[in-house]
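Report on the structure
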Amino acid sequence: MNVVFAVKQYISKMIEDSGPGMKVLLMDKETTGIVSMVYTQSEILQKEVYLFERIDSQNREIMKHLKAICFLRPTKENVDYMIQELRRPKYTIYFVYFSNVISKSDVKSLAEADEQEVVAEVQEFYGDYIAVNPHLFSLNILGCCQGRNWDPAQLSRTTQGLTALLLSLKKCPMIRYQLSSEAAKRLAECVKQVITKEYELFEFRRTEVPPLLLILDRCDDAITPLLNQWTYQAMVHELLGINNNRIDLSRVPGISKDLREVVLSAENDEFYANNMYLNFAEIGSNIKNLMEDFQKKKPKEQQKLESIADMKAFVENYPQFKKMSGTVSKHVTVVGELSRLVSERNLLEVSEVEQELACQNDHSSALQNVKRLLQNPKVTEFDAARLVMLYALHYERHSSNSLPGLMMDLRNKGVSDKYRKLVSAVVEYGGKRVRGSDLFSPKDAVAITKQFLKGLKGVENVYTQHQPFLHETLDHLIKGRLKENLYPYLGPSTLRDRPQDIIVFVIGGATYEEALTVYNLNRTTPGVRIVLGGTTVHNTKSFLEEVLASGLHSRSKESSQVTSRSASRR
């Protein structure tokens, strides 16, 4: 179950099926992103695709010597563009691929428009999602719900994305969903409807244990997307932002022109592939090794190119040297900028307190530490608000809850109204009343013992002690212990055996920390394969935008953060 491989295979097949000769790849806004995640431009150029165009671009030239490969989402808009294209074709022959199921009436409209008979074939290739890592996919949807319910357009897009994923991995799953979330149940029903309606597409070879689709809601764990991260990929996203593998470095002081935007892709960057899940301290020493390695291979300036053989060796090694030089300068710049931000924003101290808020249950120590950091001028308003959000979520019903005092501290620090309002919005979004599970206090004896032992042993790394709630959910699922009264099956049948192929989807967005959890579970659990997806992949900034987009904040006033003092101690 490798989503990068699945999408890559579709694109290779499209290009192969069009045969030899020069080609243009015609895409829309979304499929451009889908393709760029799995193939570089130079890789596609080697397959005789010499031009990349957008179907909605008005001023494309007529080039009758090119074959057109069209890869489009089956939207009404794209079908209309395609009809216009076929009425006045710019290329010699068209191979049309839609990234999802297309209606018979749309195919008929295309056939009617194709008076010049330039279309060689129309097919459905289900690459209708963004393949981020081999076990992580996204739909790049920010703000999927209004209140607790789906935005109808986003529900439809998510259903399409999720069913395309199942078709591309050749899985017809049983479905379980989080009972506490109306949105999860609704999505489960929509996916089931598509599987029932398109039953012929979902007729795959039966496996002994059917695959399982588990649909969760971000509301159940609002803690994970609020934490600072310390593994490479997650940290880059948290501090710099990753958008379809691209990182914008234009704000970095003194950045050179060619490094203003860099691409980090494990598919064609060996250093990134080997380091994306390592923590920041290890990255530092690995960068040093990379630099030393580079120095050794650097062509000596004074190297005399006397013989033909010398020149040949230099020319042969130059492309690799140039590629390595690009890799080195890119990672040195990225890691340098991460280091600068960590010290400028005092993130080591901030993160230690975040971890305490997420993992420990000592209220007075946590409160003291948050108050101390709010007084620190190096702590930005963003990080200050984030600490108060974590406090508000954890100690929402604690008898000594001091949220009003912390809100006052935020105001005195000069934190903007926008961030102060977000504190109550986050509690409204993922507070105790909404969660179907208990994020903070372990219930069963095993969990309590684990926590006690963890406390005794101390923590290997104070910055990475937090485990996303998803870890516990998947652990229970793999062991066949996930409670059916909290995560029911859709429909009458249930799974008798422990699941082997698991697809987890998080409405409201997954995170790179959860992707790391899935990566580790895949590595350490033989016979189990897990793929994680979400409406998007969040960092704290985008998660807060998600909370704002849900509109929940407008219902709660700043004063509603004052929970009644009589609330029972947790």
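Residues numbered from 1 in each chain as written. Predicted model: local features only at pLDDT ≥ 70, side-chain atom pairs only at ≥ 80, totals over all residues. Heavy atoms only, no water.

Looking at the overall build of the chain
As a reminder, the rule being used: Only DSSP runs of H or I with at least four residues qualify as helices, and only runs of E with at least two residues qualify as strands; both kinds are numbered from the N terminus onward. Relative accessibility under 20% of the residue-type maximum defines a buried residue, over 50% an exposed one, and the middle range a partly exposed one, all with a 1.4 Å probe and only protein chains included. Whether two residues are in contact is decided by their heavy atoms: any pair within 4.5 Å suffices. Calculation of accessible area relied on Shrake-Rupley with a 1.4 Å probe; when residues are assessed, cover is drawn exclusively from the protein chains displayed.
Counting secondary structure elements, the chain contains 20 helices and 18 strands. Here the chain, with 570 residues, has 52% of them falling under the buried criterion. At a minimum sequence separation of 6, the contacts of the chain that also span at least 24 residues come to 82%. On the chain, roughly 27200 Å² of surface is accessible, and the fraction owed to carbon and sulfur atoms is 51%.

A word on the environment of Leu25
On the secondary structure map, Leu25 appears in strand E1 (residues 23-27). On the basis of relative accessible area, Leu25 is assigned to the buried category, the value being 3%. For Leu25 and Phe52, which are 27 residues apart along the polypeptide, the C-alpha to C-alpha distance reads 4.9 Å. In contact with Leu25, not counting residues within four places along its chain, are Val35, Ile44, Val49, Leu51, Phe52, Glu53 and Ile69.

Section: the sheet that holds strand E13 (residues 246-248)
Hydrogen bonds along the backbone pair up the strands of a sheet, which may run parallel or antiparallel. The line we're drawing: A pair of strands is labelled paired if DSSP reports no fewer than 2 bridges between them.
Sheet architecture is open: three strands sit in the order E12-E13-E14, paired in antiparallel fashion. Strands at the two margins of the open sheet, each flanked by one partner only, are strand E12 (242-243) and strand E14 (261-263).

Some points on the nonpolar core
As a reminder of what qualifies: Remark: nonpolar core denotes a set of buried residues (Ala, Val, Leu, Ile, Met, Phe, Trp, Tyr, Cys) joined through side-chain atoms within 4.5 Å.
If you look at the biggest cluster of nonpolar residues, it comprises 161 residues, and the most contacted ones within it are Ile215 and Ile507. A total of ten residues in this core trace back to one element, the largest contributor, which is helix H14 (residues 381-394).

Brief notes about H14
To be explicit about the condition: In a helix, the anticipated span is given by 1.5 Å times the number of residues less one.
End to end, H14 covers 20 Å across 14 residues, agreeing with the expected 20 Å (1.5 Å per residue, within 8%). For H14, the tally of buried residues reaches 13 of 14 residues, placing the bulk of the element in the interior.

Some words on the pairing of strand E3 (residues 67-72)
To keep it simple, the criterion reads: By definition, the crossover connecting two strands over a helix is right-handed if that path, from the first strand to the second, turns clockwise as seen with the strands pointing away from the viewer.
The buried fraction of E3 is high, at six of six residues. Covered by surrounding structure in E3 are Lys67, Ile69 and Phe71 together with Ala68, Cys70 and Leu72, the residues of both alternating faces. The pairing of E1 with E3 spans five bridges and is classified as parallel. Paired with Lys23 across the strands is Lys67, a residue of E3. Looking at chain direction, E3 and strand E4 (residues 93-98) are connected through six bridges and run parallel. Across the sheet, Leu72 pairs through a bridge with Phe98, a residue of E4. For the handedness criterion, the β-α-β arrangement of E3, helix H4 (residues 76-87) and E4 is classed as right-handed.

Things to note about the packing of aromatic side chains
Short version of the rule: Two aromatic rings, drawn from Phe, Tyr or Trp (for Trp, its six-membered ring), form a pair once their centres lie within 6.5 Å of each other, and the interplanar angle then sorts them: stacked below 30 degrees, edge-to-face above 60, tilted otherwise.
Counted under the stated rule, the structure contains 13 aromatic pairs. The interplanar angle of 70° and the centroid separation of 5.9 Å between the aromatic rings of Tyr232 and Tyr272 together place this pair among those described as edge-to-face. With Tyr232 in helix H8 (residues 232-239) and Tyr272 in helix H9 (residues 270-275), the pair connects residues that are 40 residues apart, well separated along the chain. Neither residue differs from the other here; Tyr232 and Tyr272 are each classed as buried. Ring centres of Tyr391 and Tyr395 lie 5.4 Å apart, and the angle between their planes is 45°; on these two criteria the pair is classed as tilted. For the residue pair Tyr391 and Tyr395, the accessibility class agrees, reading buried in each case.

Let's talk about the confidence of the model for the chain
Here is the rule: The pLDDT value expresses, per residue, how confident the predictor is, ranging between 0 and 100.
Here the chain averages 86 in pLDDT, while 88% of its residues score no lower than 70. Low pLDDT (under 50) marks residues 451-459, which in the prediction has six contacts with non-local residues, meaning those over four places away or in another chain. Every residue in residues 555-570 is under pLDDT 50, and counting partners more than four places away or in other chains gives 33 contacts.

Considerations on the pattern of salt bridges
The line we're drawing: Here, a salt bridge means any side-chain nitrogen of Lys or Arg that lies within 4 Å of a carboxyl oxygen of Asp or Glu.
Inspection of every chain in the model, using the stated rule, returns 31 salt bridges. A salt bridge links Glu85 to Arg60, with the nearest nitrogen and oxygen atoms 2.6 Å apart. With Glu85 in helix H4 and Arg60 in the loop between strand E2 (49-54) and E3, this pair connects stretches of sequence that are 25 residues apart. With respect to burial, Glu85 and Arg60 carry one shared label: buried. Two residues, Asp409 and Lys371, come together in a salt bridge whose shortest N-O distance is 3.0 Å. Within this pair, whereas Asp409 is found in helix H15 (residues 403-413), its partner Lys371 is found in helix H13 (residues 363-374), the two being separated by 38 residues in sequence.

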